[in-house]
Amino acid sequence: MIKSLCSLLLLLMITVPVFAQTATPEPTPTVSPTSGMSPTPTSTPVVHIMTKNAFRFAFEDTVAGNGSGAFVRLEDPLISVHFEVLMEAVLTWNLSAAMDEINILTGFGIYYKLVQISNSNEPAIGFMEDRLPGELGYKGWGAVLVHDFTGYVIYQAPHVFADLYSEDITLQAFYENQMGAAIILAGAHRYANADNDGDGRPDSDAAHDGDCLFHVLTVYLANRGQVTDQPYWFCQIHGAIDRETEPSIVGSDCTVQPVMMSNSPFVLIDDAVDSAGFLNMGVWGWWEGPGDTENGNYYLNGIGNIQSNVLQGLGLGTSFFHFEIERHARNDYNVESGPGYDGILHLLDTIKAQFSDQWFLTPTPTNTPTVTPTPTVTPTPHPIPATGAGGIGFLLLITGILLMAPVYRSRGSHSPQLISQ
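Parameters at a glance
- Residues numbered from 1 in each chain as written.
- Predicted model: local features only at pLDDT ≥ 70, side-chain atom pairs only at ≥ 80, totals over all residues.
- Heavy atoms only, no water.
- Helix = DSSP H or I, 4+ residues; strand = E, 2+ residues; numbered from the N terminus.
- Buried < 20%, exposed > 50% of the residue type's maximum accessible area, 1.4 Å probe, protein only.
- Contact = heavy atoms within 4.5 Å.
- Areas by Shrake-Rupley, 256 points an atom, 1.4 Å probe, with all protein chains shown as cover.
- Expected span 1.5 Å × (residues − 1).
- Axes fitted to C-alpha atoms, helices over the stretch in contact; angles between N-to-C directions.
- Parallel < 35°, antiparallel > 145°, perpendicular 65-115°, else oblique.
- Left-handed = near helix turned anticlockwise from the far one by under 90°.
- Nonpolar A, V, L, I, M, F, W, Y, C, P; charged D, E, K, R; others polar.
- Core = buried A, V, L, I, M, F, W, Y, C linked by side-chain atoms within 4.5 Å.
- Phe/Tyr/Trp six-rings, centres within 6.5 Å; stacked < 30°, edge-to-face > 60°.
- Lys NZ or Arg CZ within 6 Å of the ring centre and 35° of its normal.
- Salt bridge = Lys/Arg side-chain N within 4 Å of Asp/Glu carboxyl O.
- Pairing = 2+ DSSP bridges.

Next up on the list: the overall build of the protein chain. Across its full length, the protein chain holds 11 helices and 11 strands. A total of 421 residues make up the protein chain; the buried ones form 57% of that total. Intrachain contacts of the protein chain at a sequence separation of at least 6 include 76% that bridge at least 24 residues. Carbon and sulfur atoms make up 56% of the accessible area of the protein chain, which amounts to about 16700 Å² in all.

Here it is as structure tokens:
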């Protein structure tokens with residue numbers, strides 16, 4: 001109760017000064033004539049300009065390696081709230097407010113920087129850790145890029161390095177989808193740290209342990225989408241070893257007993273991938289019929305994924321898409337040749353096309369399902385860890401979002417200092 005009150009107080013301190021300024025004309029001569037209603041900047045934004053490749057290499061340098069012990073758990077709800085406000089600021093391209101949060105976090109000994117991608121088809125900005133493993137203040141909390149708040153899809157790479165090339169595939173998916181609202185990249189190898197909190201999962205496993213920025217921002221965006229009645233699609237890219245008993249790609253919503261129908265987005269993606277012929281795909285809980293090897297019962301079902309658990313708790317479970325891609329296909333992707341490369345590119349195009357024209361809509365079930373929803377084997381899910389305190393004071397913040405979104409959309413009106421890298 002005390003933590004909740006403290007978080008609420010902090011959120012009022014953060015959001016009221018930022019959002020109350022939206023009606024104040026910009027007094028400085030650096031503002032364009034069309035941006036008279038932009039918020040008065042309190043900090044001059046410093047934005048590091050990077051190419052896509054430069055960002056990729058810089059991000060990889062910040063990842064806590066396997067067995068390094070460098071990842072730091074995110075347990076302070078006040079820090080979580082500051083990152084939520086930072087996320088909202090970059091989503092709405094309020095670089096001044098984003099810089100304020102960067103400076104506040106620096107005061108807490110948490111070092112992040114604003115970035116902008118110079119050669120992306122759709123303008124992209126974001127934030128990334130500004131410390132390397134072993135340096136003072138390093139956390140291993142990863143990076144975020146956004147297009148803007150009008151997009152529909154949140155791309156996620158929770159197992160960077162551990163699932164080889166999964167971060168590269170996810171970045172490409174984000175860059176090539178103008179309706180990709182954001183990409184969230186975990187900042188640590190899933191086995192960077194041991195299970196020091198005793199929840200049965202390594203502390204650094206972003207898909208199964210909630211004490212990380214990756215999960216905090218997922219919860220925030222899930223709540224944001226629900227409150228604005230524009231829920232996002234969440235798309236996680238994973239990697240798996242080659243298994244003769246599994247298809248090259250396995251899709252799953254990570255529920256224990258999935259209910260798939262012929263018009264389910266997962267099934268439509270599966271049909272398209274199989275029809276292209278580069279790779280075979282199966283969906284957890286979807287039996288594809290006599291004579292087909294995809295029987296819907298797969299080891300790679302993602303049960304226990306805590307981002308899925310959050311969305312299920314909000315009634316948005318079918319907005320979550322978990323893809324496991326086998327190693328042979330990812331190897332082809334890395335060398336940009338072979339059926340795996342072509343198959344992954346086709347998968348990304350199919351995902352983009354499936355979510356191209358709308359926010360997530362809660363589907364209306366038909367009276368007669370076309371499949372038996374219960375798989376032949378139901379694995380026992382792992383314990384679900386606590387989701388942390390992300391999203392505290394969310395209703396106050398989202399009120400500000402709804403009032404200000406048109407104002408914040410004016411880009412580049414705060415004369416940021418740009419640093420090329």
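The end-to-end C-alpha distance of helix H4 (residues 95-107), which contains 13 residues, comes to 18 Å, matching closely the 18 Å that a straight helix rising 1.5 Å per residue would cover. At the exit of H4 stands Gly109, carrying a positive phi of roughly 80 degrees.

Contact geometry of helix H3 (residues 77-91) with H4 gives a least axis separation of 8 Å together with a crossing angle of 155 degrees. Classified by the interaxial angle, the pair formed by H3 and H4 is roughly antiparallel. Classified by chirality, the crossing of H4 by H3 is left-handed. Taken together, the residues of H4 that come into contact with H3 (itself represented by Ile79, His82, Phe83, Val85, Leu86, Ala89 and Val90) are Ala97, Ala98, Glu101, Ile102, Ile104 and Leu105. Considered class by class, the residues forming the contact of H3 with H4 number 11 nonpolar, 1 polar and 1 charged.

The biggest cluster of nonpolar side chains holds 100 residues, and the ones touching the most others in it are Phe55, Phe83, Met87, Phe127 and Phe323. Those residues in contact with Phe83, other than ones at most four positions away along the chain, are Leu105, Ile110, Tyr112, Phe127, Trp141, Leu213 and Leu217.

Unlike most non-glycine residues, Phe161 shows phi in positive territory, near 70 degrees. Secondary-structure assignment places Phe161 in the loop between strand E5 (153-157) and helix H5 (166-175). Overall, Phe161 belongs to the partly exposed group, its relative accessible area being 30%.

What follows deals with the packing of aromatic side chains. If you walk through the whole model with that rule in mind, you get 17 aromatic pairs. Aromatic pair Phe83 and Tyr112: ring centres 5.2 Å apart, planes at 80 degrees, arrangement edge-to-face. Of this pair, Phe83 sits in helix H3 while Tyr112 sits in strand E2 (residues 112-117), placing them 29 residues apart in sequence. Residues Phe83 and Tyr112 agree in their burial class; the two are buried. A centroid spacing of 6.4 Å and a plane angle of 80 degrees characterise the contact between Tyr232 and Phe234, whose relative ring orientation is edge-to-face. Here the aromatic residues Trp233, Phe266, Phe321, Phe323, Phe355 and Phe360 are joined through ring pairs into a cluster of three or more. When the ring centre of Tyr111 is taken as origin, the NZ or CZ atom of Arg131, which lies over that ring, is 3.7 Å away.

Let's shift gears to the pattern of salt bridges. A full pass over the atoms with the stated rule returns 8 salt bridges. Of the charged contacts in the structure, one is a salt bridge between Arg56 and Asp168, with a shortest N-O distance of 3.1 Å. One end of the pair, Arg56, is in helix H2 (residues 52-61); the other, Asp168, is in helix H5, with 112 residues separating them in the sequence. Among the residues examined, Arg56 registers a relative accessible area of 27% and is labelled partly exposed. The class of Asp168 is buried, set by a relative accessible area of 12%. Through salt bridges that share partners, Arg73, Glu75, Asp197 and Asp211 make up one connected network.

For strand E3 (residues 124-129), the buried fraction is high: 6 of the 6 residues fall into the buried class. Two elements, E2 and E3, share 6 bridges in a ladder whose sense is antiparallel. Note that in E3 the partner of Gln116 across the bridge is Ile125. In this structure, the hairpin formed by E2 and E3 is closed by a connection of 6 residues. With 4 bridges connecting them, E3 and strand E4 (residues 143-146) associate as antiparallel partners. Residue pairing in the sheet places Gly126 in a bridge with Leu145 of E4.

Most of strand E1 (residues 46-50) sits out of view: 4 of its 5 residues are buried. Pairing of E1 with E2 involves 4 bridges; the strand directions are parallel. Bridge pairing links Ile49 to Gln116 in E2.

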